[in-house]
Amino acid sequence: MSMSPNVEAALMQLRTLREAHFTVVLPLVQKGHKYKLDIHAMAVIDRSLALLRGFCDLVEAKNMIAAAPLLRCQLDNGLRFFASTLVEDPHEFSGAILKGVPVRKMKDRNGNLMRDAYLVEQLTAHVPWAKSLYDQASGYVHFSEQHIINTIGIPDEEGMAQIAITGYDGSVWTDQKYFEAIEAFEYSTRLVLELVEMWAQTRSEPQLREA
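Residues numbered from 1 in each chain as written. Predicted model: local features only at pLDDT ≥ 70, side-chain atom pairs only at ≥ 80, totals over all residues. Heavy atoms only, no water.

Observations regarding the overall build of the chain
Secondary structure assignment for the chain yields nine helices and zero strands. Going residue by residue from the N terminus, the α and β elements of the chain occur as α-α-α-α-α-α-α-α-α. Within the chain, residue pairs in contact and separated by at least 24 positions form 68% of the contacts whose partners lie at least 6 positions apart. (Helix = DSSP H or I, 4+ residues; strand = E, 2+ residues; numbered from the N terminus. Contact = heavy atoms within 4.5 Å.)

As structure tokens, this is what we get:
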């Protein structure tokens, strides 16, 4: 089941972000990753790379039901690194994660628990599309109307629909839908890259505490 040339081109463009991951993380590797947040950042970049490859491969295989949750995972990747900018001591925060403490059980510098809803709210203040993308992507993680529509399509005016159980994308996945999903994944990936790059650029400030 082939995809349209336009969608294939969009996927090819998304795959080019792979090299940006190495560019962003290189300064952390060269400087000896002496901070706990360095380790955190490298793990985030490694996860982002894996998610990028998996998303592209699954979209190419016309399996958006499996690909779409990876969009939520990539946004989650950015959210949890963004949380490091909200705490008093980002290195202590990263150390707690390394010990297995969930981010949702930690508090920001103002005493707010950093649950997903709170992180999304804070991120949306800087990145306006974060809330709508989070809501949309979450619909693919838990069984929802999105999965039903993929199987039965959009009913006609009489409420009739044709069920197709194939394991491949249904008719609702038009080129425009693919473009929207690819663009959303690109936004989420660039968010991860920008957050890690910000840390790489500021990590040498003398007031930062070493791990």
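Description of the pattern of salt bridges
By the definition in use, this model includes 10 salt bridges. The closest approach of N and O atoms between glutamate 60 and arginine 15, which form a salt bridge, is 3.2 Å. Remark: arginine 15 occurs in helix α1 (residues 5-15) and glutamate 60 occurs in helix α3 (residues 36-60); sequence separation between them is 45 residues. With a shortest N-O distance of 3.0 Å, glutamate 186 and arginine 190 are connected by a salt bridge. In this pair, glutamate 186 and arginine 190 both sit in helix α9 (residues 175-202), four residues apart, roughly one turn of the helix. Assessed through its relative accessible area of 22%, glutamate 186 is described here as partly exposed. (Salt bridge = Lys/Arg side-chain N within 4 Å of Asp/Glu carboxyl O. Buried < 20%, exposed > 50% of the residue type's maximum accessible area, 1.4 Å probe, protein only.)

What to know about the confidence of the model for the chain
Per-residue pLDDT for the chain averages 84, and the proportion of residues at 70 or more is 80%. Within the chain, no element has a lower average pLDDT than helix α8 (residues 145-152), which sits at 50, and none a higher one than helix α6 (residues 116-124), at 96. Considering only residues more than four positions removed or in separate chains, one finds that residues 206-211, a stretch of pLDDT under 50, has 13 contacts. (pLDDT = per-residue confidence, 0-100.)

Details of unusual backbone geometry
In this structure, lysine 62 takes a positive phi of about 55 degrees despite not being glycine. When you line up the elements, lysine 62 lands in the loop between α3 and α4 (64-82). For lysine 62, a relative accessible area of 16% translates into the label buried.

Details of the nonpolar core
Grouped together as the largest cluster of nonpolar side chains are 60 residues, with contacts concentrated most on Phe55, Met64 and Met114. Contributing elements (two or more residues each) for this core: α1, α2 (17-30), α3, α4, α5 (90-98), α6, α7 (130-141) and α9. Here this core gets 12 residues from one element, more than from any other, and that element is α9. (Core = buried A, V, L, I, M, F, W, Y, C linked by side-chain atoms within 4.5 Å.)

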